[in-house]
Amino acid sequence: MANEVKLHGVTGSPFVCRVKIALNLKGIKYEFVAEDLSNKSADLLKYNPVYKKVPVLVHNGNPISESLVIVEYIDEVWKGVSILPQDAYEKAQARFWAKVIDDKCIPALFKAIASHGEKQAVAEAHEALQFLENELKVKGGKFFGGDNINLVDISATFIALWVGAAEEALGLELLPRDKFPKIKEWCDNYLKCQAVKDGLPPRELPVGFFKSRFGKA
C-alpha cells in the first residue's frame, strides 16, 4: 500500500506546527490539507468527530488526532531521528515535561497575553516558566533533548515563536532574557533548526493574529 500521509490543519496553529516539525525531522513527505475552522470540512468532522479540531494526521486512511499523540505516532512508525528517548525513564520524563508545557505553561502564557501583561497573570506565567528554565539548566544542552530536538522541544514550539510574536504585537515583555536566559537561548537554537524553520509560519502571521485579537483599538 502506498505510504499516503495527509495533515489537516491551519497554517498559524502552534499545535499543527508541532506535527509539521516532527514530519520534517523524519523527512516524511506529506500533503497539507488547509482547513477553515469557521467552516470545517466533512473530512475533518469524519476524522475527528470527538474534538472536531486540528491537527489530524491521516496515514493510509487512518486518522490520528491530538498533536502530541500524532508526534509520538510519527516517531514510532518512521525510522530516522528519534523524537522520544529510548530509555523508559527518560521517555516518561519527556512525556511529563510535555504535559507540563500543555497544562501549565501555555495556559498561563495565554492568560498573560490576553490580559495585556497584567501583573498577576505575568507572575503566574513566570512561575510556570521557571520550571522549564530550571530543567534546561539541569540538562545543560542546546535543547530539552540535550544536543537533539525531542518531544519536549516540539511541545514548546508556542514558547519559541508565538510568545515573542505576542510581545512584539502588544508591546509586552513576557520572557525577559535576564530572568530566563536558558529559555531565551533555547528559543534561539530551536528557531535556527531547518526542520523547525520549515514547519513554522512567517512571524508576521502570529504577530498579526495577536494584534487583531488582543490589540487595543
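For the structure, check the block above.
Quick caveat: nothing in here was measured; it's all calculated off a predicted structure. (Residues numbered from 1 in each chain as written. Predicted model: local features only at pLDDT ≥ 70, side-chain atom pairs only at ≥ 80, totals over all residues. Heavy atoms only, no water.)

Could you clarify how one ought to interpret the pattern of salt bridges in this entry?
Opposite charge on two side chains permits pairing when their charged atoms draw close. For the structure shown, the criterion picks out 10 salt bridges. The partner of Glu90 in a salt bridge is Lys139, with the nearest N and O atoms 3.6 Å apart. On the criterion of sequence distance, the pair formed by Glu90 in helix α4 (residues 88–114) and Lys139 in helix α5 (residues 119–139) is long-range, its members being 49 residues apart. On the accessibility criterion, Glu90 (32% relative accessible area) is partly exposed. Each of the salt bridges in this network shares a partner with another, and the network as a whole consists of Glu90, Glu135 and Lys139. (Salt bridge = Lys/Arg side-chain N within 4 Å of Asp/Glu carboxyl O. Helix = DSSP H or I, 4+ residues; strand = E, 2+ residues; numbered from the N terminus. Buried < 20%, exposed > 50% of the residue type's maximum accessible area, 1.4 Å probe, protein only.)

Looking at this structure, I do not really get helix α8 (residues 181–192). What am I missing?
Because the α-helix completes a turn every 3.6 residues, residues three or four places apart line up on one side. Over its 12 residues, α8 extends 17 Å from the first C-alpha to the last, a length consistent with the 16 Å expected when each residue adds 1.5 Å. Along α8, the residues classified as buried are Ile183, Lys184, Trp186, Cys187, Asn189 and Tyr190. On the buried face of α8, the contacting elements are α1 (14–26), α5, α6 (151–155), α7 (157–170) and α9 (194–197). (Expected span 1.5 Å × (residues − 1). Contact = heavy atoms within 4.5 Å.)

Looking at this structure, I do not really get the pairing of strand β4 (residues 62–65). What am I missing?
One face of the sheet, then the other: side chains in a regular strand alternate in exactly this way. Two elements, strand β3 (residues 56–59) and β4, share four bridges in a ladder whose sense is antiparallel. Bridge pairing links Val56 to Ser65 in β4. What sits between the antiparallel neighbours β3 and β4 is a turn of two residues, in which Asn60 has the positive phi angle 50 degrees. (Pairing = 2+ DSSP bridges.)

Before we go on, may I ask you to explain the environment of Ser155 in this structure?
On the secondary structure map, Ser155 appears in helix α6. The exposure class assigned to Ser155 is buried, which follows from its relative accessible area of 0%. Each C-alpha atom of the pair Ser155 and Ser212 lies 25 Å from the other, and the pair is 57 residues apart in sequence. If near-sequence neighbours (up to four positions away) are discounted, Ser155 is found in contact with Arg18, Leu68, Ala98, Ile101 and Ile106.

What should I look at first to understand the side chain of Glu135 in this one?
For Glu135, the position within the fold is in helix α5. A polar contact is formed between the side chain of Glu135 and the side chain of Trp97, at a distance of 3.4 Å. Beyond its immediate stretch of four places on either side in the chain, Glu135 contacts Trp97 and Phe144. (Polar contact = N/O pair within 3.5 Å; in protein donor to acceptor, adjacent residues only side chain to side chain.)

Got a minute to help me understand the sheet that holds β3 in this structure?
Working definition: the strands of a sheet are paired by backbone hydrogen bonds and lie parallel or antiparallel to each other. Here we have four strands laid out as an open sheet, ordered β2-β1-β3-β4, and mixed in their pairing. Edge positions in the open sheet fall to β2 (31–34) and β4, since each of these has one partner strand only. Between one strand and the next, the sheet's axes are offset by a mean angle of 25 degrees, whatever the strand orientation. Across four bridges, strand β1 (residues 5–9) lies against β3 in antiparallel orientation. Looking at β3, one finds that Val5 is bridged to His59. This element, α1, spans β1, β2 and β3 of the sheet and lies at about 155 degrees to β1. (Axes fitted to C-alpha atoms, helices over the stretch in contact; angles between N-to-C directions.)

Please clarify how the packing of α7 against helix α10 (residues 204–214) should be interpreted in this entry.
Relative placement of two packed helices is described by the angle separating their axes and the distance separating the axes. Interhelical geometry of α7 versus α10 gives an angle of 55 degrees and a closest axis separation of 8 Å. What the angle tells us is that α7 and α10 run oblique. In the packing of α7 onto α10, the handedness of the crossing is right-handed. In contact with Leu161, Trp162, Ala165, Ala166, Glu168, Ala169 and Leu170 of α7, α10 contributes Pro206, Val207, Phe210, Lys211 and Phe214. (Parallel < 35°, antiparallel > 145°, perpendicular 65-115°, else oblique. Left-handed = near helix turned anticlockwise from the far one by under 90°.)

Help me understand the side chain of Ser13 in this model?
Tracing the backbone through its elements, the reader meets Ser13 in the loop between β1 and α1. A polar side-chain atom of Ser13 sits 3.1 Å from the main-chain amide nitrogen of Val16.

Explain the environment of Val50 to me, please; I cannot follow it from the model alone.
Mapped onto the fold, Val50 is located in the loop between α2 (42–47) and β3. For Val50, a relative accessible area of 67% gives the class exposed. Expressed as a C-alpha distance, the spacing of Val50 and Glu127, which sit 77 residues apart in the sequence, is 33 Å.

Just distances and angles here, no functional claims.
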